[in-house]
Amino acid sequence: MRILLAITSLGVGGAERLVTALADRYAAAGHQVMLIWFHGEAELRPSDPRVRLENLNMRRSPLGVLVAMRRFRRFVRVFGPDVVNTHLLHANLLTRLLRLVTPMPRLVSSAHNTNEEGRGRMLAYRLTDRLVDISTNVSEEAVAAFVAQGALKPDRMLPIHNGIDTESFAYSPAARAQVRAELGLEETTPLLMAVGRLCEPKDYPNLLRAFASLDAGVVPPQLVIVGGGPLRRDLGMLADSLNVAHRVRFLGVRHDVPALMSACDLFVLSSAWEGFGLVVAEAMACRRPVVATDCGGVREVVGDAGFLVPPRDAQVLKEVMRRVLHLPEEQRERLGTIARERVLARYSLDAMAQKYLAVYRGIREGPHAAE
């Protein structure tokens with residue numbers, strides 16, 4: 001099968017990790033794969049050299065969009081894909097419009113969130129829905145949210161949970177020691193960790209306020225936040241105003257997230273909204289205790305293997321973080337084992353790839369056929 005994957009950009013994010021992992025899986029299985037992204041440098045890339053990579057270098061102007069779409073059209077015509085699978089808002093909508101003038105045997109649109117941040121965007125999904133064969137999203141709740149917001153009809157989107165590379169995301173005592181040495185932390189120093197783009201949906205102000213009110217104790221806890229984004233300066237100023245800047249480290253974009261997760265004692269997701277919460281599953285695969293906001297598909301991921309709190313409630317977030325940090329070691333280890341077993345059973349990369357392939361082939365027997 002010739003598979004063309006397209007995504008808005010290849011920064012370090014959950015959707016980007018998913019798409020590069022899919023590209024690798026498909027190439028390894030003998031499919032011909034092209035991966036196109038619309039703009040920006042590729043911070044993530046597939047590891048399989050058989051995946052053909054193309055950057056449209058789209059400029060943010062009407063002319064820039066037209067030039068990029070002409071290049072995209074040429075790639076589609078030369079590659080001749082059996083299926084085109086697009087990911088994230090701009091790739092989804094622009095590829096739908098391209099189909100008006102460029103034949104595509106099958107087009108699958110994949111969203112990765114419950115909220116596309118605007119009624120106009122949901123309206124754009126609805127107006128272009130007829131141009132796509134089927135859409136997917138990363139959780140049942142995300143599918144329901146798209147339907148509720150009028151982006152499409154109930155039978156036009158399927159849930160496919162994200163997959164985790166459970167070989168890479170696994171607890172490592174050696175990685176824990178190495179990262180803690182890099183950070184200058186003793187083994188007894190409680191370390192909290194968050195991973196994700198520094199942007200509004202992740203609601204890092206909520207996390208910083210909860211962390212600032214957390215009892216420092218004899219050994220004050222530390223917090224590391226991994227990821228880049230437009231709110232870096234604002235978050236740094238907020239940490240300073242809360243008098244915790246000396247205990248909060250913004251590590252920027254990192255490519256050793258599994259090792260960093262091994263080093264932490266508690267993983268925290270403070271998002272106001274999410275689609276699936278891929279980083280939560282990754283932390284669970286590393287046997288880390290998880291405290292996460294109950295948004296999007298996070299409840300589906302966590303199950304009984306972690307702790308859920310309401311979004312935008314720093315007081316409750318603080319209380320649950322404090323409680324988890326004070327759990328007996330035996331209970332924390334048991335919780336970590338349950339978390340990893342849950343990920344192994346439900347969220348493997350191979351299972352996810354097979355679900356997408358079924359959708360590419362037009363296999364569906366109902367709203368949950370892709371699960």
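Preceding this paragraph is the structure being described.
Now for a quick tour of the structure.

## A short note on the pattern of salt bridges
Here is step 1: A complete count under the given rule lists 16 salt bridges for this structure.
Here is step 2: R99 is paired through a salt bridge with D133; the nearest N and O atoms lie 2.9 Å apart. One end of the pair, R99, is in the loop between α3 (89-98) and β5 (107-110); the other, D133, is in the loop between α4 (119-128) and β6 (134-137), and 34 residues separate them in sequence.

## Observations concerning the sheet that holds strand β9 (residues 222-226)
Here is step 1: The parallel open sheet is built from six strands, whose spatial order is β10-β9-β8-β11-β12-β13. Edge positions in the sheet fall to β10 (248-252) and β13 (307-309), since each has one partner strand and no second. Geometrically, the sheet is characterised by an average inter-axis angle of 20° between neighbouring strands, direction not taken into account.
Here is step 2: Inspection of the sheet shows strand β12 (residues 290-293) paired to β13 by three bridges, in the parallel sense. Opposite T293, over in β13, you have V309 as the bridge partner.
Here is step 3: Across the sheet, helix α12 (residues 314-325) lies against β8 (191-195), β11 (266-269), β12 and β13, angled at about 165° from β13, the strand it touches most.

## Some thoughts on the packing of helix α7 (residues 204-212) against helix α8 (residues 232-241)
Here is step 1: At a minimum axis distance of 10 Å, the contact between α7 and α8 shows a crossing angle of 15°. One finds that α7 runs roughly parallel with respect to α8. Relative to α8, the crossing made by α7 is right-handed. On the side of α7, the interface is formed by Y204, P205, L208 and R209, while α8 contributes L235, L238 and A239.

About the thresholds
Residues numbered from 1 in each chain as written. Predicted model: local features only at pLDDT ≥ 70, side-chain atom pairs only at ≥ 80, totals over all residues. Heavy atoms only, no water. Salt bridge = Lys/Arg side-chain N within 4 Å of Asp/Glu carboxyl O. Helix = DSSP H or I, 4+ residues; strand = E, 2+ residues; numbered from the N terminus. Pairing = 2+ DSSP bridges. Axes fitted to C-alpha atoms, helices over the stretch in contact; angles between N-to-C directions. Contact = heavy atoms within 4.5 Å. Parallel < 35°, antiparallel > 145°, perpendicular 65-115°, else oblique. Left-handed = near helix turned anticlockwise from the far one by under 90°.

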